[in-house]
Amino acid sequence: MNIKPLAERVVIKMLEAEETTKSGIVLPGTAKEKPQVAEVVAVGPGTSEVSMEVKVGDKVLIGRYAGTEVKLDGEEFTIVKQTDILAIVE
């Protein structure tokens, strides 16, 4: 099943990175704070007032509590408005 966002909405998948502490303990992504870096999975068409500046595959920074989380086919995605995206990471 695919998600096709409407208007200026963007579907993203949060990126989880393992982190190793100074003592060598590996913390899985679920043990840390909610990450703020995500990968764009789908982009809406935009509107007459809003042109879409992100594209599929971009890595982006989002606000900590931005968007609506959805679970589809066992995977978790977040749907945000383009205005909730703070920056594109290059």
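Given the structure is predicted, the values throughout are model-derived calculations rather than measurements.

Overview of the overall build of the protein
Part 1 of the argument: Scanning the protein for helices and strands turns up zero helices and eight strands.
Part 2 of the argument: N-terminal to C-terminal, the α/β element order of the protein is β-β-β-β-β-β-β-β.
Part 3 of the argument: Each of the 90 residues in the protein was classed as buried or not, and the buried ones make up 27%.
Part 4 of the argument: Contacts spanning at least 24 positions in sequence make up 61% of the contacts within the protein whose residues lie at least 6 apart.
Part 5 of the argument: Surface accessibility of the protein: about 6300 Å² in total, with carbon and sulfur atoms responsible for 52%.

Some points on the nonpolar core
Part 1 of the argument: Core analysis: the largest hydrophobic core is formed by 11 residues, namely V10, I12, M14, A38, V40, V54, V60, I62, A66, V80 and I85.
Part 2 of the argument: At the level of secondary structure, the elements contributing two or more residues to this core comprise β1 (9-14), β4 (37-43) and β5 (59-62).
Part 3 of the argument: Ranked by residue count, the leading element in this core is β1, at three residues.
Part 4 of the argument: Excluding residues that lie within four positions of it along the chain, V60 makes contacts with I12, Q36, V37, A38, V40, V54, I85, A87, I88 and V89.

Some details on a nonpolar patch on the surface
Part 1 of the argument: Together, L61, L86 and V89 line one region of the surface with nonpolar side chains, adding up to about 250 Å² of accessible area.
Part 2 of the argument: Checked against the element boundaries, L61 lands in strand β5.

What to know about the sheet that holds β5
Part 1 of the argument: The six strands are arranged β6-β7-β1-β4-β5-β8 in an open sheet whose pairing can be described as antiparallel. Whereas interior strands pair on both sides, the edge strands pair on one side only; in this sheet they are β6 (68-72) and β8 (85-89). Neighbour-to-neighbour, the strand axes of the sheet open up by a mean angle of 40°, direction not taken into account.
Part 2 of the argument: As judged from the four bridges shared by β1 and strand β7 (residues 75-81), these two strands associate in the antiparallel manner. Across the sheet, V10 pairs through a bridge with V80, a residue of β7.

Cut-off values and rules
Residues numbered from 1 in each chain as written. Predicted model: local features only at pLDDT ≥ 70, side-chain atom pairs only at ≥ 80, totals over all residues. Heavy atoms only, no water. Helix = DSSP H or I, 4+ residues; strand = E, 2+ residues; numbered from the N terminus. Buried < 20%, exposed > 50% of the residue type's maximum accessible area, 1.4 Å probe, protein only. Contact = heavy atoms within 4.5 Å. Areas by Shrake-Rupley, 256 points an atom, 1.4 Å probe, with all protein chains shown as cover. Core = buried A, V, L, I, M, F, W, Y, C linked by side-chain atoms within 4.5 Å. Patch = residues over 30% accessible without salt bridge, like charges linked within 9 Å, V, L, I, M, F, W, Y side chains within 5 Å. Salt bridge = Lys/Arg side-chain N within 4 Å of Asp/Glu carboxyl O. Pairing = 2+ DSSP bridges. Axes fitted to C-alpha atoms, helices over the stretch in contact; angles between N-to-C directions.

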